[in-house]
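# Residue-level structural notes
Okay, here's what each chain looks like letter by letter:
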Amino acid sequence: MDTRAAMQPTFRVLGTAARRASVDIVIPVLNEERALPGCVRTLAAFLDGGFPLPWRITIVDNGSTDATWPVATALAGEYDRVHARRIDVRGRGAALRAAWRESQADIVAYMDVDLSTDLGALFPLVAAVASGHSEIAIGTRLGRGARIRRSVRREVISRGYNALLRHGFRAGFSDAQCGFKAARARVVRPLMDKVEDDGWFFDTELLLLAEHNGLRVHEVPVDWVEDLDSRVQVVRTAIDDLRGLVRVAWSMAAGRARVPMVRPELVPCHPDALPPRRRGGRPRGGRSRGGWPPGRPFAGSLHVLFSAVLYAMVYWPMRDFQEPATAATCALVLAGTAGAVLSFRTALFFAVNLALTVALLHTLPPQAGRMAEVGVVVAAYCLLMVIRAATSPLTRN
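Calculation criteria
- Residues numbered from 1 in each chain as written.
- Predicted model: local features only at pLDDT ≥ 70, side-chain atom pairs only at ≥ 80, totals over all residues.
- Heavy atoms only, no water.
- Salt bridge = Lys/Arg side-chain N within 4 Å of Asp/Glu carboxyl O.
- Helix = DSSP H or I, 4+ residues; strand = E, 2+ residues; numbered from the N terminus.
- Buried < 20%, exposed > 50% of the residue type's maximum accessible area, 1.4 Å probe, protein only.
- Pairing = 2+ DSSP bridges.
- Contact = heavy atoms within 4.5 Å.
- Polar contact = N/O pair within 3.5 Å; in protein donor to acceptor, adjacent residues only side chain to side chain.
- Right-handed = clockwise from strand over helix to strand, strands pointing away.
- Arc of directions from axis to C-beta.

If you walk through the whole model with that rule in mind, you get 18 salt bridges. With its nearest N and O atoms 3.1 Å apart, the salt bridge here joins Arg41 to Glu78. Placement of the pair is Arg41 in helix 2 (residues 36–48) and Glu78 in helix 3 (residues 68–78), with a sequence separation of 37 residues. For Glu78, a relative accessible area of 43% puts it in the partly exposed group. A salt bridge links Asp203 to Arg92, with the nearest nitrogen and oxygen atoms 3.0 Å apart. Note that Asp203 is positioned in helix 8 (residues 202–212) and Arg92 in helix 4 (residues 92–102), a separation of 111 residues in sequence. Overlapping salt bridges bring together Arg92, Asp112, Lys181 and Asp203 as one network.

The structure is reproduced here in structure tokens:
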């Protein structure tokens, strides 16, 4: 054997016949005649400048009353790879649902018309989905490495809302509301059949259902600058989101949030590997939804304190438009028992917690005031959380 010939480098041209994944980037707009032209021209120039995948921009006008639709059609005529369509239903969720359902692309994505998210994160976002590693990818303003400029008000609301998702639903993602997402089209369509919201809560509901059905959500830290000319009504949106979270929690508890998903069998890559035999029960490294780790009473106390604070934060605004019993139910679901409701073994704790809270509320005189109500429901919640933690072996799945 000629060892010298074997050691010589060889140069082979890689095959180019493999089809690259196509991307459809949706821009939902409502009365955005001022911002739309700059958005589309900036995005198209960026994509033309070296984006490595076939792409199309889809403008979805969802009920504009200004000149947004004529502007959208003019832009579609100006660029070959810009498409415009119009729907009568308002709401970002409705716009994405309509565009993503009819798209022929392999990957569907969207971004806000204000381009608050730096476009440098677009390919890392899409690449995680195009590679097949993840089914959904999202931009995060709260992850490590993200850089943001926004008002203190929006910062506090955003962090509080996402903390509620992580604590109440065990969400693994850090930023549900960033308007910068991508998904594998064939995977996201069945999920959209279960998503009921057509507004701003669409993103959160989609992500919660994705994780509930075992899909992988990839996060990309982004650079983000707030546009003060925003159409988002922060307080109204926050209240609608709380209502949506209650609905999603009950849907999961009732088993209506399951979507048939076929995922490849988990097998080793090495042909000679000797994997362990499959066994029933919880895989190693799984975590319990009930109680806290043994031998960590300080962590457990912080858990009760944090959940009680969240409980009070949820109960207070819900009380503005709900009776005490209904507001307490919503607070119980959102402030930490959502995970318990999803397990039949711990449904008893939820029922007892709710019954005790409602009973105590009925004992208060009408003139007691809102602070007294909050004190009662938080006290009942803390008591049951301590009991639940003390009996944690019973609540582990």
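Read on for the rest.
Moving on: the pairing of strand 7 (residues 180–184). Of all five residues making up strand 7, five are buried, and the element is well covered by its neighbours. The side-chain alternation of strand 7 yields two buried faces, one formed by Phe180, Ala182 and Arg184 and the other by Lys181 and Ala183. Pairing of strand 4 (residues 107–111) with strand 7, which is carried by five bridges, proceeds in the antiparallel orientation. Looking across to strand 7, one finds that Ala109 is bridged to Ala182. Sheet topology places strand 5 (residues 136–140) next to strand 7; three bridges connect them, and they run antiparallel. The residue of strand 7 that forms the bridge with Ile138 is Lys181.

Attention now goes to the side chain of Ser103. Mapped onto the elements of the fold, Ser103 is located in the loop between helix 4 and strand 4. The residues touching Ser103, leaving out its near neighbours within four places in the chain, are Asp24, Val108 and Arg189.

So, on to the environment of Arg141. Relative to the helices and strands, Arg141 resides in the loop between strand 5 and strand 6 (147–149). Taking C-alpha positions, Arg141 is 9.6 Å from Ser158, a pair spaced 17 residues apart along the chain. Beyond its immediate sequence surroundings of up to four residues, Arg141 is in contact with Ala146, Ile148, Arg150, Ser158, Asp175, Gln177, Cys178, Val222 and Trp224. Only 2.8 Å separates the side chain of Arg141 from the side chain of Asp175, close enough to count as a polar contact.

With that settled, consider the pairing of strand 3 (residues 82–87). When strand 2 (residues 55–62) meets strand 3, the two strands line up parallel, connected through six bridges. Paired with Val60 across the two strands is Arg85, which belongs to strand 3. Read as a crossover between parallel neighbours, the route from strand 2 over helix 3 to strand 3 is right-handed.

Now for helix 5 (residues 122–130). If you check which residues of helix 5 are buried, you get Leu122, Leu125, Val126, Ala128 and Val129. Projected down its long axis, helix 5 carries its buried residues within an arc of 150 degrees, all on one side. Contact partners of the buried residues in helix 5: strand 1 (23–29), helix 2, strand 4, strand 5, strand 7 and strand 8 (217–221). Of the residues trailing helix 5, Gly132 is marked for its positive phi of about 90 degrees.

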